[in-house]
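Notes for the structure review
One-letter residues, chain by chain:
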Amino acid sequence: MISICIIVKNEEKLIERCLKSLLPLGYEIIVVDTGSTDKTKDTATKYTDKVYDYIWQDDFAAARNFAISKASNDFVLMIDSDEILCSYDKKDLEALVTKYPDGIGRVMIIDEYKRGNDKFTSSSRVSRLFSKKIYHYQGRIHEQIVPIESGIKAGIIYDLPLYVNHSGYDGDLEKRRKKTDRNIKLLLRELEEKGDDPYVLYQLGKSYYMQEDYLNACKAFDKALYFDLDPKLEYVQDMVESYGYTLLNTRQYDTALQLLGVYDEFAVNADFVFLMGLIYMNNAMFTEAIGEFLKATKMNIYKTEGVNSYRAYYNIGVIYECLGVIDKAKTYYKKCGNYDPALNRLRSMN
């Protein structure tokens, strides 16, 4: 019923964990190697006999479409080599595919990574499962699933009972730069060939952001936000939030306050409300900041773990400590549970 497709290159350290996690599904696995010089292919052949070579053309969509062409089944599930299937419900998965044969299924991607001494966990839904008779990939990098026939409207987007751990955002700055240098090169080429596109500019900004090149990230986001965008699109919501953080990281605190102009459209999740709390906080508007952090704690929709709980409480504690209201600071630090920065502040205050 379903074929799993993976494109790889020099992923011998990751591919085995990825493939091993997929075996319980019992689906056909297609692995397309784009020029590995390590033991990636040897490892892949231990888990599937469907391993193919593909000459890399600086085009992720072309490589994914080649993998799709090798699938025996009509429905394909795209997985990346740095992902590990951690939870699934096969019966419900197949029922959904049967119910929405013209639709596109989204997998829950869970990212766990460190920045400095802080640990982050974020989650987002990503389109990954579809009929190869109806859809294919388009775009040199950060490719998107689109109907094969032009003018045909895509079917319903639905959520799959598939949860995947992704390790691509982890690692030190040097490791992240190596990965994103390639992405930036391809994204700039895409923009040069096809002109400005808000989604490509968004991905360019995210690549610069991952490199901690916040000035260039800010320029890319700024250019993308000139377009007339639908605030309901997940990438647009993420771009606005990422733009806010680039402004904070470049100390453009006054400019960041301009996000108040789109507050009603984007304050639909705790992530944006938490961000506004940080913006107020960096502008020394402490009463407003506390109000936003408290509002975030009452929201159930979020991407980054803690923005509607311990991270919000921690920042309230920091504000009260800076204001010299020690009792309230301790109260909010204690609300953070086992969050290390809060525990460190409590130890310091005691």
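Because the structure is predicted, anything quoted here is derived from the model rather than measured.

**Structural notes on the pattern of salt bridges**
All chains considered together, the criterion is met by 20 salt bridges. One salt bridge in this structure joins Asp-58 and Arg-189, with 3.3 Å as the shortest N-O distance. Here Asp-58 is found in the loop between β3 (51-53) and α3 (60-69), whereas its partner Arg-189 is found in helix α5 (residues 173-194), with 131 residues between them in sequence. Owing to a relative accessible area of 32%, Arg-189 belongs among the partly exposed residues under this scheme. Of the charged contacts, one joins Arg-125 and Asp-159 as a salt bridge, the two residues approaching to 3.9 Å between their closest N and O atoms. Of the two residues, Arg-125 sits in strand β7 (residues 118-131) while Asp-159 sits in strand β10 (residues 157-166), which places them 34 residues apart along the sequence. For Arg-125, a relative accessible area of 17% corresponds to the buried category. The network of salt bridges with shared partners includes Asp-58, Arg-140, Arg-189, Glu-190, Glu-193 and Lys-194.

**Describing α3**
The set of residues buried in α3 consists of Phe-60, Ala-61, Ala-63, Arg-64, Ala-67 and Ile-68. Each buried residue of α3 sits inside an arc of 165° when the element is viewed along its axis, so together they form one side. Two or three places before Ala-61, at the start of α3, stands the capping residue Asp-59, its side-chain oxygen 3.0 Å from that residue's backbone nitrogen.

**Examining the pairing of strand β6 (residues 104-115)**
For β6, a buried count of 9 out of 12 residues is recorded, marking the element as mostly surrounded by other parts of the structure. Summarising the sheet, β6 and β7 pair through 11 bridges and their orientation is antiparallel. Residue pairing across strands places Ile-109 opposite Ser-124, the latter belonging to β7. Between the end of β6 and the start of β7, which pair antiparallel, lie 2 residues, with Gly-116 showing a positive phi angle near 70°.

**As for the nonpolar core**
Inside soluble globular proteins, nonpolar side chains tend to come together where they are buried. Among the nonpolar cores identified, the biggest contains 79 residues, and Phe-130, Leu-259, Phe-272, Ile-279, Phe-293 and Tyr-333 are the most heavily contacted of them. If you tally residues by element for this core, the top one is helix α11 (residues 270-282), at 10 residues. Contacts of Phe-130, omitting those with residues within four sequence positions, involve Ile-68, Asp-74, Phe-75, Val-76, Met-78, Gly-103, Ile-104, Tyr-135, Tyr-137 and Ile-145. Among the nonpolar cores identified, the runner-up in size contains 27 residues, and Ile-15, Leu-19, Val-97 and Val-107 belong to it.

**Quick notes on the sheet that holds β3**
Read across the open sheet, the 8 strands follow the order β3-β2-β1-β4-β7-β6-β10-β5; overall the sheet is mixed. Edge positions in the sheet fall to β3 and β5 (83-88), since each of these pairs with one other strand and no more. Looking at each pair of strands side by side, their axes are set apart by 30° on average, direction ignored. Its contacts with the sheet put helix α4 (residues 90-99) on β1 (2-8), β4 (75-78), β5, β7 and β10, and the angle it makes with β10 is roughly 140°.

**Quick notes on the environment of Ala-224**
Checked against the element boundaries, Ala-224 lands in helix α7 (residues 214-224). For Ala-224, a relative accessible area of 0% corresponds to the buried category. Measuring from C-alpha to C-alpha, the distance between Ala-224 and Glu-149 comes to 27 Å, with 75 residues separating the pair along the chain. If we ignore the near neighbours within four places in the chain, the residues touching Ala-224 are Pro-198, Leu-201, Tyr-202, Leu-229 and Met-239.

**Notes on the pairing of β1**
A large share of β1 lies buried, amounting to 7 of its 7 residues. Sheet topology places β1 next to β4; 4 bridges connect them, and they run parallel. Looking at the pairing, Cys-5 lines up with Met-78 of β4. Tracing the backbone out of β1, into helix α1 (residues 15-22) and back to the parallel element strand β2 (residues 28-33) gives a crossover that is right-handed.

**Concerning the packing of aromatic side chains**
Evaluated as defined, the whole model comprises 18 aromatic pairs. Aromatic side chains Tyr-313 and Tyr-332 sit 6.1 Å apart centroid to centroid with 35° between the ring planes, which places their arrangement in the tilted category. Of this pair, Tyr-313 sits in helix α13 (residues 310-322) while Tyr-332 sits in helix α14 (residues 326-334), and the two are 19 residues apart along the sequence. Owing to a relative accessible area of 19%, Tyr-313 belongs among the buried residues under this scheme. For Tyr-332, a relative accessible area of 15% corresponds to the buried category. Grouped by ring-pair contacts, the aromatic residues Tyr-310, Tyr-314, Tyr-333 and Tyr-339 constitute a single cluster. Lying over the aromatic face of Tyr-163, Arg-125 brings its terminal NZ or CZ to 5.6 Å of the ring centre. Here the basic side chain of Lys-335 rests over the ring of Tyr-313, its NZ or CZ set 5.3 Å away from the ring centre.

What counts, and where the lines are drawn
- Residues numbered from 1 in each chain as written.
- Predicted model: local features only at pLDDT ≥ 70, side-chain atom pairs only at ≥ 80, totals over all residues.
- Heavy atoms only, no water.
- Salt bridge = Lys/Arg side-chain N within 4 Å of Asp/Glu carboxyl O.
- Helix = DSSP H or I, 4+ residues; strand = E, 2+ residues; numbered from the N terminus.
- Buried < 20%, exposed > 50% of the residue type's maximum accessible area, 1.4 Å probe, protein only.
- Arc of directions from axis to C-beta.
- Polar contact = N/O pair within 3.5 Å; in protein donor to acceptor, adjacent residues only side chain to side chain.
- Pairing = 2+ DSSP bridges.
- Core = buried A, V, L, I, M, F, W, Y, C linked by side-chain atoms within 4.5 Å.
- Contact = heavy atoms within 4.5 Å.
- Axes fitted to C-alpha atoms, helices over the stretch in contact; angles between N-to-C directions.
- Right-handed = clockwise from strand over helix to strand, strands pointing away.
- Phe/Tyr/Trp six-rings, centres within 6.5 Å; stacked < 30°, edge-to-face > 60°.
- Lys NZ or Arg CZ within 6 Å of the ring centre and 35° of its normal.

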